Amino acid sequence: MVTKFHDLDEYVTLPRLGGLVASPDGTWLAASVQTLAADRKKFASAIWRIDATGGLARRLTRSAEGEGGPRFLPDGSLLFISRRPAPDRENDESGKPALWLLPAGGGEARLVATLPGGIAAVEAGAGGQVVVAAPVLDATSAAAEDGETAATADARLRQGREKAGVSAILHESGPVRFWDADLGPDDLRLFAIGEAAVLDGPVGPGSGPGEAGANAGEPRDLTPDVAHSFIEQTFAVSPDGALVATNWYRWLGSTWQADLLMIDIATGQRRVLLSDPEADYSGPAFAPDGKSLVAARYRHATADKAADVRLVHLDLGAGGAERDLLPGFDRRPADPRWDPEGRFIYFVADDQGRRPVYRAEVSTGQVTRVTSDDGHYGELSLSPDGTLLYALRDTVAEPPTPVRIDAVTGAFERLPAPGQLPEVTGRLEEVEVVADDGQPIRSWLVLPEGASAQQPAPLLLWVHGGPESSWNSWQWRWNPWLMAARGYAVLLPDPALSTGYGLDFIQRGHRVWGTRAFADLIAATDAVVARDDIDGSRTAMMGGSYGGYMANWIAGHTDRFKAIVTHASLWALDQMMATTDVPADFYAQFGEPGLVESNTPHTSVEKITTPMLVIHGDKDYRVPVGEALRLWWDLQLHGKTAKFLYFPDEGHWIVKPGNVKAWYETVLAFLDQHVLGGPWRRPDLL
């Protein structure tokens, strides 16, 4: 059977569903869908309408620049963010993302808000108050002239920087980078746009009060002294539109913490709701009556304890302390959603290679598992009466697709979506082995079509990133079905540090990143190569991020693999700890004497005998490219067999369609040479 996984040109054309949100009346869902752009050089996003009753799916927005971030207003109108030019504005070539509105009754989308640096995110309350996150130059507040608002001053300063040819960034405190992006010279701020019901025209710099509707004018800056406080913005507008709850990062000299703040939209006054030097707060969600909220509490890793995530509940009227909403629940909750009556919180959490939906009773904390299938769920929404859930569901063998879930039974039904679910070639099995310390280690095993005792398949061991993560979902960047289409079996294990098995399972690997996971991975590999449908003489290992760290560790501690592919990988822990974008996180775990030496892979370079393919993006700030450069030099210095695939314009993830193809073509050529014994075939475009 020939599928789209046999041809990389076909693979990159598959539609990719992202965000999903239900309309206020529950009749339809807005979904963000990525598809290959006309020039085939990027993926472009559009918003689709999906019938909640199982009817049709149709595309709502259409522009070369793409659209995303859909949010509904109370009347059913849809807000979204796009770089598309405004048709009623002459010479609109800013290229900055702006806020648009698609009327509930249909018709053309219209521009409703612009800001000089663009708009990054939008949220709206049940009453229609709209708040956006937008980047503003750090110097704006201090440099504002008499009568200038933040937006006007920001526009003037941006024009000055561009005219003078200035690209420099002055940092007066940390941090300076985050994942794939430089922090500064601007930072995200929150702006109140106004009541959506009277957004008749564009709001932004230069819009006078009589120019474009009843409340047109400049957005109001709610956070003028932000200073890197919205590195990862998660904010919510209260149902009555009076308040914004948001995380707020504070830099403490050598580390940061994220508090939970409440901002009065009318006055801009703010107060701290939750603050703990040992934890970060994020993802606030107001109760339907606005009298309480829930948020995620992420406990920092320390020398003794691994990080942990809880859901906390806070009564906004009582002035009391936070309450652990899920006492005794030994999983990591995410994506909390209130039911319409405020009695329950629905959420998801990794569990045994899946991510089911759970329901917690707010008054008692009693947790009930809603779904019982193999699905990985996310992007939850509820119907107005609370009887149905809508979500994106995927598995290791099926990409995300919208589903409708019975809130009582957990039974799900697939809803219409762009394109058809792609057929994969091969089959998926679950395997389990007991590690040397008695701990069960489970894995998914992807087997190619025809794998049997008569035709055993070569094996690829893939280690996930994180390290606190799980192989429990569909992967576009590390897709095992592309390998299965070419005859490889792929082992996807969850070793120590993986999520979905409880805090003790994570604790097993705390501060022993290499040794504990290594033992688990080898145990899982031993069990699989003992099968008669696997060829144990032809094996390779691959990993990215933490999986790349383990690739480097494995290379220096065993010669059992024919080839190793290491992507975005940590090589020299002492070097990486000080150059990553989050040094405090690493020093908290490995800052004590002796821990760097016992956890770094680079000291075992002389023991490496396995051919290695090193892959890295120059814009990777989580694992800086210096790790790959040093690894590549060390391998060259010691005469090891290696190649280096370098992406000057990519970050921690390889996302451009052409580069995705180059990545897989190079990996497959490398594996085919060293695992299957074929000749080296350099990809044509490299």
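Report on the accompanying structure. (Residues numbered from 1 in each chain as written. Predicted model: local features only at pLDDT ≥ 70, side-chain atom pairs only at ≥ 80, totals over all residues. Heavy atoms only, no water.)

### Some thoughts on the pattern of salt bridges
Evaluation of the coordinates by the stated rule reveals 41 salt bridges. For Asp-259, the salt bridge identified is with Arg-250, shortest N-O distance 2.7 Å. A salt bridge links Glu-398 to Arg-393; its shortest N-O distance comes to 3.6 Å. (Salt bridge = Lys/Arg side-chain N within 4 Å of Asp/Glu carboxyl O.)

### Examining the sheet that holds strand 28 (residues 388-395)
Spatially, 27-28-29-30 is the arrangement adopted by the four strands of the open sheet, whose pairing is antiparallel. Each edge of the open sheet is held by one strand with a lone partner, namely strand 27 (376-382) and strand 30 (412-414). Averaged over all adjacent pairs, the angle separating strand axes in this sheet is 30 degrees, with direction ignored. Direction of pairing for strand 27 relative to strand 28: antiparallel, over a ladder of five bridges. If you follow His-376 over to strand 28, its bridge partner there is Asp-394. (Pairing = 2+ DSSP bridges. Helix = DSSP H or I, 4+ residues; strand = E, 2+ residues; numbered from the N terminus. Axes fitted to C-alpha atoms, helices over the stretch in contact; angles between N-to-C directions.)

### Describing helix 12 (residues 657-674)
Here helix 12 contains 18 residues, and its C-alpha end-to-end distance of 26 Å stays within 8% of the 26 Å for a straight helix at 1.5 Å per residue. Here helix 12 has its buried residues at Pro-657, Asn-659, Val-660, Ala-662, Trp-663, Tyr-664, Thr-666, Val-667, Leu-668, Ala-669, Phe-670 and Leu-671. (Expected span 1.5 Å × (residues − 1). Buried < 20%, exposed > 50% of the residue type's maximum accessible area, 1.4 Å probe, protein only.)

### Thoughts on the side chain of Arg-310
Mapped onto the fold, Arg-310 is located in strand 21 (residues 308-315). For Arg-310, the side chain forms a polar contact with the main-chain oxygen of Phe-329, separated by 2.6 Å. When near neighbours in sequence (up to four residues on either side) are disregarded, Arg-310 contacts Ala-295, Ala-296, Arg-297, Asp-324, Leu-326, Pro-327, Gly-328, Phe-329, Arg-331 and Pro-333. (Polar contact = N/O pair within 3.5 Å; in protein donor to acceptor, adjacent residues only side chain to side chain. Contact = heavy atoms within 4.5 Å.)

### Description of the pairing of strand 36 (residues 563-567)
The buried count for strand 36 comes to five of five residues, which makes it a mostly enclosed element. On strand 36, burial covers both faces: Ala-563, Val-565 and His-567 on one face and Ile-564 and Thr-566 on the other are all buried. As paired elements, strand 35 (residues 534-544) and strand 36 share five bridges and run parallel to each other. Each residue of the ladder has a partner; that of Ala-540, found in strand 36, is Ala-563. With helix 7 (residues 546-555) bridging strand 35 and the parallel strand 36, this β-α-β connection has right-handed handedness. (Right-handed = clockwise from strand over helix to strand, strands pointing away.)

### Focus: the sheet that holds strand 18 (residues 270-274)
Taken together, the four strands give an open sheet; going across it, the order is 15-16-17-18, and neighbouring strands pair in antiparallel fashion. Two strands lie at the open edges of the sheet, namely strand 15 (235-237) and strand 18, each paired on one side alone. Taken pair by pair, the neighbouring strands of this sheet meet at an average axis angle of 35 degrees, ignoring direction. The pairing of strand 15 with strand 16 (residues 243-251) spans three bridges and is antiparallel. Paired with Ala-236 across the bridge in strand 16 is Ala-245.

### Observations regarding the environment of Gln-269
For Gln-269, the location among the structural elements is in the loop between strand 17 (256-264) and strand 18. A relative accessible area of 59% places Gln-269 in the exposed class. Put simply, Gln-269 and Leu-497 are 228 residues apart on the chain and 41 Å apart in space, counted from C-alpha to C-alpha. Those residues in contact with Gln-269 that lie beyond four places of it in its chain are Met-262, Ile-263 and Asp-264.

### Observations regarding the side chain of Asp-634
Locating Asp-634 in the fold gives a position in helix 11 (residues 626-637). One buried charge, Asp-634, has no salt-bridge partner; the nearest side chain with opposite charge is Arg-630, at 4.1 Å. With sequence-adjacent residues up to four places away left out, Asp-634 is seen in contact with Trp-571 and Val-605. (Lys, Arg positive; Asp, Glu negative; His and termini not counted.)

### Re helix 3 (residues 150-164)
Across its 15 residues, helix 3 extends 21 Å between first and last C-alpha, which sits within 8% of the 21 Å expected from 1.5 Å per residue. Within the span of helix 3, buried status applies to Ala-150, Ala-151, Ala-153, Asp-154, Ala-155, Leu-157 and Arg-158.

### Some details on the environment of Asp-618
For Asp-618, the position within the fold is in the loop between strand 37 (612-617) and helix 11. In this structure, the C-alpha to C-alpha distance between Asp-618 and Ala-628, residues ten residues apart in sequence, is 9.5 Å. Not counting the four nearest positions on each side in its chain, Asp-618 is found in contact with Val-625, Tyr-646, Phe-647, Pro-648 and Glu-650.

### Observations concerning the nonpolar core
In this structure, Met-550, Ile-554 and Phe-586 are the most contacted members of the largest nonpolar core, which totals 63 residues. With residues near it in sequence (within four places) discarded, Ile-554 still touches Leu-461, Phe-518, Leu-521, Met-541, Phe-561 and Ile-564. Formed by 42 residues, the second largest nonpolar core is a distinct cluster that contains Met-483, Ala-485, Leu-645 and Tyr-664. (Core = buried A, V, L, I, M, F, W, Y, C linked by side-chain atoms within 4.5 Å.)

### Notes on unusual backbone geometry
The amide bond that connects Gly-174 to the next residue, Pro-175, takes the cis arrangement and shows omega of -10 degrees. Residue placement: Pro-175 occurs in the loop between helix 3 and strand 11 (177-178). The residue Trp-179 is not glycine, and still its phi comes out positive at about 55 degrees. As for its position among the elements, Trp-179 is in the loop between strand 11 and strand 12 (181-182). On the basis of relative accessible area, Trp-179 is assigned to the partly exposed category, the value being 25%. Even without a glycine there, the phi angle at Ala-568 is positive, about 45 degrees.

### A look at the packing of aromatic side chains
On inspection of all chains with the given rule, the structure shows 27 aromatic pairs. An angle of 50 degrees between the planes, with centres 5.8 Å apart, marks the rings of Phe-5 and Tyr-11 as tilted. Comparing Phe-5 with Tyr-11, the two get one shared label, buried. With a centroid separation of 5.5 Å and 20 degrees between ring planes, the pair formed by Tyr-546 and Tyr-549 is classed as stacked. Taken together, the residues span about one helical turn, with Tyr-546 and Tyr-549 both in helix 7 at a distance of three residues. Judged by its relative accessible area of 4%, Tyr-546 is buried. Owing to a relative accessible area of 1%, Tyr-549 belongs among the buried residues under this scheme. A cation over a ring is seen here: Arg-16 above Phe-43, with NZ or CZ 4.3 Å from the ring centre. (Phe/Tyr/Trp six-rings, centres within 6.5 Å; stacked < 30°, edge-to-face > 60°. Lys NZ or Arg CZ within 6 Å of the ring centre and 35° of its normal.)

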